[in-house]
Amino acid sequence: MIITMAHGSGGAATSELIDEIFAKAFDNDVLNEMEDSAVVPGSGRIAVTTDSFVVTPLEYPGGNIGRLAVCGTVNDLLMRGATPKYLTCGYIIQEGTDSELLKRVATAMAETAAEAGVKIVAGDTKVIEGNGGIMINTAGVGFVPDGVDISATKIAPGDVILVSGNLGDHHATILGSRMNITNSIESDNAPLNEMVMALLDNGIDVHCLRDVTRGGLATVLKELSDSSKVTITLEEESLPLNPAVRDFCGLLGLDPLYMGNEGKMIAAVPKDQAEAALALIRKAKYGEAAVLVGEVTEGVDGHGDLLVRTAIGGIRQLDVLQGEGLPRIC
Amino acid sequence: MELQTYIEYLKNYDGPEVTFMEVCGSHTAAIAKSGIARVISPKIHLVSGPGCPVCVSPSGYVDRLIALAKEPETTVCTFGDLLRIPGTEYSLNEAKGQGASVEMVYSPMDVIALAKEHPDHTYVFGAVGFETTVPVYTVLLDEMLREHITNIRLLTALKVMPPVIGWLCDNGAHIDGFIAPGHVSVITGSKHFEALSRQYGIPFAVTGFSPKELVLGIYGLLRMWEQKEELRQQGDSLTKNFYPSVVTTEGNTIAQAKVEQYFEPGPAVWRGMGEIADSGLYLRPEYAAYDAGSRGLDEDHKINKACRCDQVLMGKISSYDCPLFGKVCTPLSPQGACMVSSEGSCYQRYLNR
């Protein structure tokens, strides 16, 4: 079946689309009520976030836009220490989309939601003119346990910076797909529940978590150094990279420090807990390549800095990504 | 010798102050990323020359691309960096926002697919580059001829290195040695720089882009500079190849023949520097049908009168000496060419302060 403008009419074709694809894939008691809004239980400190996904290509090695739309939002909740519970999703579908593709996207979304322990409780579908594209918006709700206070402003001198795995995989995958380059690189899109919960459940005093998405590690850490007014110094030689991504970047003149991921995070923890935190992340799903990449010292003149000590002992001062890295990687 | 020995030598150098220039955008970026400037002696100055092909394209070239992109049934295709370089009034990106038809591609070969798909539409490729990139356009031309594709034109701003290096030496740039461009040398061979080093008595070190290769190249350059007189008396060359894994003396003769087949030298205007004889490459008259009007695009307007890109490109001042640097001129609002491309010297100085 090819999606046409009729599937966005609100009439029979819309019902068919929803019943055949979304209701089947996302099947759960709340969604099945098909009410105008979902009513769900929950109380306490609530974390809310939203994100829109416009990646091209829609399917890429290691995932698709459906998996991405869950990972992005779930990870944003996790980065505040929240336990993700509910998702909403809005699909904007261009006419000409093959319903088989839509099914694969919805299925990946359902599977990833199950993996991340979230329920998709509300949704919307629109069809617009176009040429077979899909865009997805997801909003997420999670609950923050008492005593958890994780924030971009909490990084302190004496902390260390841990990275949960190899840099740039998602970005390199998308760029490679667009350039029709065949290689072994796969997207790292993944929900990071297990490693975050492992840190929180085992008494690690996590000061800050941040998923390494658009702009890459350098942009994320520069922003955090500004928010916390500290100096972060990375060791270039300890930065984790898949050799295939390293070579890919070398060929294209890209800097892995500015390339995005969709299943990696940084954690700022006190130095004396570094080993314990690293062990926990490495034991968790998607965290086996975690390493310590840098240390935090006092900020200079009340502002933040991000430095890299290079392989030959030089110092490089980094800023956030300037201009566009690569449009539409997520 | 171990790498550390070379580093120590460069660190402890205490002779006369020397200035070495790199003339390759990838070297500019690699040097900034390596942090090497903070490792070596403060008596060794590293400056960036006109090594970024996007940066040195004059505003008249950008204006012509914009005019073409506004013509009916015409799309301008080009690499990302060129979208941001300021023309007299607008950049291609800004023109695109106003409805001009501009498409960013990753490879010139992407244009072939577009041209085949829309045979009634004309595609103009904004072909910028030095000796390294020119062979890629010959592959595009080969393919166009083989497939009888007639709806692609090239608007070229192709340049070659030796004339501009000679021009710098003739026009008061105080350079004690050149880090010769590694990628260019793969195509041209290290012999490309031999005549220059003889004529001006200045050493040239061909080197690669890893921190190790940079250290080796700069060390080699310093040693040649120190032993300049002896080398000259012995009749030894002042051009040395420290990148032998990929660079030969003769270079890639197949690529050179292809370039020769399609292109001929001619005068070219370099942004901020003016016209330099024989420093450009243009499609030969027999391929004029594929040229979108590349000759004579000589206009070169400064968008900000205080911009000192010309002197930065000549190595006469550092980016920091420009009154606009980091204030009104940043990568997000470049006032001059050196801040546009990720290979521009000001862009790299800004990012890696």
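In this text the structure is predicted, and so the values were computed from the model without any measurement.

1. Focus on the pattern of salt bridges
- This model, assessed by the stated rule, comprises 26 salt bridges over all chains.
- A salt bridge links Lys271(A) to Glu295(A), with the nearest nitrogen and oxygen atoms 3.3 Å apart. With Lys271(A) in the loop between strand E10 (265–270) and helix H9 (274–283) and Glu295(A) in strand E11 (residues 291–298), the pair connects residues that are 24 residues apart, well separated along the chain.
- On the basis of relative accessible area, Lys271(A) is assigned to the partly exposed category, the value being 48%.
- Overall, the relative accessible area of 35% leaves Glu295(A) in the partly exposed class.
- Here Asp14(B) and Lys43(B) are joined by a salt bridge, their closest N and O atoms 3.3 Å apart.

2. Examining the interface of chain B and chain A
- Each partner contributes to the interface: chain B provides 20 residues, whereas chain A provides 19 residues.
- With both chains or domains summed, chain B and chain A bury close to 1600 Å², and 58% of this area falls on carbon and sulfur atoms.
- The tally of links between chain B and chain A comes to zero salt bridges.
- Across the contact surface, chain B and chain A share one residue pair in polar contact (both at pLDDT 80 or more).
- Of all the elements in the fold, those that place two or more residues in the side of chain B that touches chain A are helix H1 (3–12), helix H2 (25–34), helix H10 (211–226) and helix H14 (345–351) of chain B.
- Classifying every residue of the side of chain B that touches chain A by side-chain character gives 13 nonpolar, four polar and three charged.

3. Notes on unusual backbone geometry
All names here are of chain A.
- Pro 57 follows Thr 56 through a cis peptide bond whose omega is -5°.
- Among the secondary structure elements, Pro 57 is positioned in the loop between strand E1 (45–53) and strand E2 (59–60).
- Here the phi dihedral of Met 34 falls at roughly 50°; this positive angle occurs in a residue that is not glycine.
- Within the secondary structure, Met 34 is located in the loop between helix H2 (29–32) and E1.

4. Things to note about the state of the cysteines
Residue and element names in this part refer to chain B.
- Taken as a whole and assessed by the stated rule, the structure comprises one disulfide over all chains.
- Here Cys 52 connects covalently by a disulfide to Cys 55, the sulfurs 2.5 Å from one another. Disulfide Cys 52-Cys 55: torsion about the S-S bond near 75°, hence right-handed. Grouping residues by exposure puts Cys 52 and Cys 55 together as buried.
- No disulfide involves Cys 24; its sulfur sits 9.8 Å from that of Cys 52, the nearest cysteine.

5. Some thoughts on the sheet that holds strand E4 (residues 83–94) of chain A
All names here are of chain A.
- Ordered in space as E1-E6-E4-E5, the four strands form an open sheet in which the pairing is mixed. One side of each edge strand has no neighbouring strand; the edge strands of this open sheet are E1 and strand E5 (119–128). When strand polarity is set aside, the average angle formed by the axes of neighbouring strands in this sheet is 15°.
- Bridging between E4 and strand E6 (residues 134–144) involves 10 bridges; their strand directions are antiparallel.

6. Some thoughts on the nonpolar core
- The biggest cluster of nonpolar side chains holds 73 residues, and the ones touching the most others in it are Phe20(B), Ile36(B), Ile44(B), Ile165(B) and Phe178(B).
- When residues in this core are grouped by element, the largest group, eight residues, is from H10(B).
- Those residues in contact with Ile165(B) that sit more than four places away from it in its chain are Val23(B), Phe178(B), Phe193(B), Leu196(B) and Phe204(B).
- Core analysis: the second largest hydrophobic core is formed by 62 residues, Phe22(A), Tyr60(A), Met109(A) and Leu199(A) among them.

7. So, the domain arrangement of chain A
All names here are of chain A.
- Along its sequence, chain A is organised into domain 1 (5–144) and domain 2 (159–318).
- Between the C-alpha centres of domain 1 and domain 2 there is a distance of 28 Å.
- Taken residue by residue, the interface counts 24 residues in domain 1 and 24 residues in domain 2.
- For the pair domain 1 and domain 2, the two sides together bury roughly 1800 Å², of which 59% comes from carbon and sulfur.
- The largest per-residue losses of area from domain 1 upon contact with domain 2 belong to Pro 61, Leu 78 and Met 79, which jointly make up 31% of the total buried on that side.
- The interface formed by domain 1 and domain 2 includes one salt bridge.
- Of the charged contacts in the structure, one is a salt bridge between Glu 115 and Lys 285, with a shortest N-O distance of 3.1 Å.
- Looking at the side of domain 1 that touches domain 2, the elements that each hand over two or more residues are strand E3 (63–64), helix H3 (65–78), E4 and helix H4 (99–116).
- Among the elements that make up the side of domain 1 that touches domain 2, the one with the highest residue count is H3 (eight residues).
- When its residues are assigned to classes, the side of domain 1 that touches domain 2 shows 12 nonpolar, nine polar and three charged.

8. Observations concerning helix H7 (residues 161–170) of chain B
Residues and elements named next belong to chain B.
- Across the 10 residues that make up H7, a large majority, eight, are buried.
- The set of residues buried in H7 consists of Met 161, Pro 162, Val 164, Ile 165, Gly 166, Trp 167, Leu 168 and Cys 169.
- Positive backbone phi, approximately 85°, marks Gly 172, located one or two places after H7.

Analysis parameters
- Throughout this document, residue positions are counted from 1 along each chain, in the order its sequence is written.
- To label them, take the chains in the order written and letter them from A, then take the ligands in the order written and number them from 1.
- Residue-level local features of this predicted model are given only where pLDDT is at least 70; pairs of side-chain atoms are given and counted only at 80 or more, and the full residue set underlies all totals for whole chains, interfaces and linings.
- Note that water and hydrogens are dropped before the side-chain values are worked out from all heavy atoms of the structure.
- For this analysis, a salt bridge means a side-chain nitrogen from Lys or Arg found within 4 Å of a carboxyl oxygen belonging to Asp or Glu.
- A run of H or I in DSSP counts as a helix once it spans at least four residues, and a run of E counts as a strand once it spans at least two, with each numbered from the N terminus.
- Buried, partly exposed and exposed residues are distinguished by accessible area as a fraction of the type maximum, computed with a 1.4 Å probe on protein chains only: under 20%, between the cut-offs, and over 50%, respectively.
- By definition in these notes, contact holds between two residues if any of their heavy atoms fall within 4.5 Å.
- When two components associate, each loses some accessible surface as probed by a 1.4 Å sphere; the sum of these losses over both components is called the buried area.
- Think of a polar contact as two N or O atoms within 3.5 Å of one another; within protein, one of them needs to be a possible hydrogen donor and the other a possible acceptor, and neighboring residues in sequence only count if both atoms come from side chains.
- Throughout, the ten residues Ala, Val, Leu, Ile, Met, Phe, Trp, Tyr, Cys and Pro are labelled nonpolar, Asp, Glu, Lys and Arg are labelled charged, and all others, Gly among them, are labelled polar.
- Disulfide: a pair of cysteine sulfur atoms within 2.5 Å of each other.
- Strands qualify as paired when DSSP identifies two bridges or more between them.
- Only C-alpha atoms enter the line fits that serve as axes; for helices the fit covers just the stretch in contact. Angles between N-to-C directions range over 0 to 180 degrees.
- In this text, buried Ala, Val, Leu, Ile, Met, Phe, Trp, Tyr and Cys residues form a nonpolar core when linked through side-chain atoms within 4.5 Å.
- Each domain's extent is set by a domain assignment, obtained either automatically or from a database.

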